[in-house]
Amino acid sequence: MDKKTKIYRTYIEILRRELVPAMGCTEPIAVAFCAARAREVLGRMPKSVRIQASGNIIKNVKSVIVPHTNGMRGLEAAAAVGIFYGDSCGELEVISSVTKEEECALAERMKELEISVVPLESEHILDLVVTVSDGDDSVAVHIEDEHTNVVEVIQNGKCIYVDSNKSVAVDGCESLSDCLQICDIFDFAETVDIDDVRDIISRQIAYNTAISHEGLTNGYGAKIGQILAKRNDEVRTQACAAAAAGSDARMGGCDMPVIICSGSGNQGMTTSLPVIKYAEYYENSEEELYRALVLSSLVTLHLKSGIGRLSAYCGAVSAGAGAGAGIAYLLSRDLSAINHTIVNALAMSSGIICDGAKASCAAKIAMAVDAGIMGYEMFCEGCQFFGGEGLVSKGVENTINNISILGHDGMKETDKKIIEIMTGRC
């Protein structure tokens, strides 16, 4: 692919925009970011806070531990840590500078705030408004579609900021799905100048490897990564363990940053750590690893783009297939192998639902990675799932489109029912 082409520049821009650091699960961090921005505009500490959140925000904040809260969960803790200690300039690392003393004092300081939570009915899956007030003064900050995408700021009833271009498109594309195709992703991975992505991918390797090591070394959550790592030394098992361990740590409140993918740290770790583990085992070169990670990341973004940032469809499925594609590239450099790996993986694991961020995400990640690897192993044995079998259609893009329709449209009612069950409204 020629560096001068629009698609080359677009893919570089996509990687640079999507593979960014975040500390903590991105939904509670979005709440902390929104609350910090509101307090900054207010100019002083508020007395009351009102959180209006869409169902998927509520779902993904309910059970995950928020970093720097001394083990607390929930919207109230996420908003409070952002208000008291956050710096919105840090975006998804908004609470990265919280000290241990501040963390220990948070529970007591929360008594200073009157916090209310209101479900927000919205056509946007990711929709959040945080309003802070002190006496007659109030500030409301509104986020839509992406975790730090501020679309409106209202102070004392007057709109002081509005995003006139609410689109989060890249270089003229209405959505990532308009820009991404598997054949183009493969071409880009094969030809990209490594210097154009070195800083992006080297950071992905460093950050995600570090938190995976933390999860394997210390006890977080249900210790899925540690349990898997003890099974055997097969690279397949260790690849699943590496990704699961990163999620163990992150869902358990670890304050180490990760490089996200499609707005998710779990997906960022899932799409990268198994590929890194395979490259270590097979002693691939640094360049081969970088190209494989470029491919796995873009494949994951492609698979998720038609579904959306949040859904009842577990994002680890897309990332596990992306990891399988990255491993297929690493070991074969063959487009056919990649296509079949993706289709095989999606045929196996697309039934996994998302019932919020929590400890069991690590187990779902392990299953999704295993399906991705199995998808490639099937291809190596001359086996495949055929068009017309379930959601599989002839051609990788047709199958991806089917999964997108399922995740985005077909599972909307499932998503509502999951949220009803989780919030006790069922």
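Remember, it's a predicted structure, so these values are computed and weren't measured experimentally.

### Focus: the overall build of the chain
Here comes step 1: Summing up its helical and strand segments, the chain has 17 helices and eight strands in all.
Here comes step 2: Taking the principal axes of its C-alpha atoms as reference, the chain extends roughly 70 × 45 × 45 Å.
Here comes step 3: Residue burial in the chain is summarised as follows: out of 426 residues, 56% are buried.
Here comes step 4: Here the analysis covers contacts within the chain between residues at least 6 apart in sequence; of these, 75% occur between residues at least 24 apart.
Here comes step 5: Roughly 16700 Å² of accessible area belongs to the chain as shown, and the carbon and sulfur atoms make up 49% of that amount.

### Some thoughts on the nonpolar core
Here comes step 1: Within the largest apolar cluster, 130 residues are counted, with the highest numbers of intra-cluster contacts made by F188, L298 and I342.
Here comes step 2: By size, the runner-up hydrophobic cluster in this structure holds five residues, among which are C25, M251, A357 and C361.

### Comments concerning the side chain of D134
Here comes step 1: By the element assignment, D134 lies in strand β4 (residues 127-134).
Here comes step 2: A residue is classified by how much of its surface remains accessible, and D134, at 17% relative accessible area, is buried.
Here comes step 3: A distance of 2.6 Å separates polar atoms of two side chains, one belonging to D134 and the other to R44.
Here comes step 4: With residues near it in sequence (within four places) discarded, D134 still touches L42, R44, M45, P46 and K47.

### Quick word on the pattern of salt bridges
Here comes step 1: Scanning the model with the defined rule gives 25 salt bridges in all.
Here comes step 2: For the salt bridge of D137 with R44, the shortest nitrogen-to-oxygen distance reads 2.7 Å. Of this pair, D137 sits in strand β5 (residues 137-144) while R44 sits in the loop between α2 (26-42) and β2 (48-53), and the two are 93 residues apart along the sequence.
Here comes step 3: Judged by its relative accessible area of 28%, D137 is partly exposed.
Here comes step 4: Residue E112 pairs with R109 through a salt bridge whose shortest N-O separation is 3.6 Å.
Here comes step 5: In this structure E112 comes out as partly exposed when scored by relative accessible area, which is 44%.
Here comes step 6: When salt bridges that share partners are traced, they join R17, E18, E146 and R309 into one network.

### Brief notes about the pairing of strand β7 (residues 158-162)
Here comes step 1: The pairing of strand β6 (residues 150-155) with β7 spans four bridges and is antiparallel. Residue pairing across strands places Q155 opposite K158, the latter belonging to β7.
Here comes step 2: Turn length for the β6-β7 hairpin, with the two strands adjacent in sequence and antiparallel, is two residues, and the turn residue N156 shows positive phi of about 50°.

### Regarding the packing of helix α14 (residues 335-349) against helix α15 (residues 361-380)
Here comes step 1: The N-to-C vectors of α14 and α15 enclose an angle of 130°; their axes lie 7 Å apart at closest approach. With respect to each other, α14 and α15 are oriented oblique. The hand of the α14/α15 crossing is right-handed. Here α14 contributes S336, A337, H340, T341, N344, A345, M348 and S349 to the contact with α15, which in turn contributes A371, G372, M374, G375, Y376, M378 and F379.
Here comes step 2: Here the contact of α14 with α15 is built from residues that sort into eight nonpolar, seven polar and no charged.

### Here's the deal with the state of the cysteines
Here comes step 1: Under the criterion given, the structure shown has zero disulfides.
Here comes step 2: Free of any disulfide, C25 has its nearest cysteine sulfur in C361, 7.5 Å distant.
Here comes step 3: We classify C25 as buried; its relative accessible area is 4%.
Here comes step 4: C383 provides the cysteine sulfur closest to C380, a residue in no disulfide bond, and the two sulfurs are 10 Å apart.

### Side note on the sheet that holds β6
Here comes step 1: Overall, mixed pairing links the six strands, which are arranged β3-β2-β4-β5-β6-β7 in an open sheet. Only two strands of the sheet have a single neighbouring strand rather than two, namely β3 (114-119) and β7. Averaged over neighbouring strand pairs, the angle between their axes works out to 15° when direction is ignored.
Here comes step 2: Here helix α4 (residues 75-85) sits on the sheet and contacts β2, β3 and β4; the angle it forms with β2, its principal contact strand, is near 125°.

Cut-offs used in this document
- Residues numbered from 1 in each chain as written.
- Predicted model: local features only at pLDDT ≥ 70, side-chain atom pairs only at ≥ 80, totals over all residues.
- Heavy atoms only, no water.
- Helix = DSSP H or I, 4+ residues; strand = E, 2+ residues; numbered from the N terminus.
- Buried < 20%, exposed > 50% of the residue type's maximum accessible area, 1.4 Å probe, protein only.
- Contact = heavy atoms within 4.5 Å.
- Areas by Shrake-Rupley, 256 points an atom, 1.4 Å probe, with all protein chains shown as cover.
- Core = buried A, V, L, I, M, F, W, Y, C linked by side-chain atoms within 4.5 Å.
- Polar contact = N/O pair within 3.5 Å; in protein donor to acceptor, adjacent residues only side chain to side chain.
- Salt bridge = Lys/Arg side-chain N within 4 Å of Asp/Glu carboxyl O.
- Pairing = 2+ DSSP bridges.
- Axes fitted to C-alpha atoms, helices over the stretch in contact; angles between N-to-C directions.
- Parallel < 35°, antiparallel > 145°, perpendicular 65-115°, else oblique.
- Left-handed = near helix turned anticlockwise from the far one by under 90°.
- Nonpolar A, V, L, I, M, F, W, Y, C, P; charged D, E, K, R; others polar.
- Disulfide = S-S within 2.5 Å.

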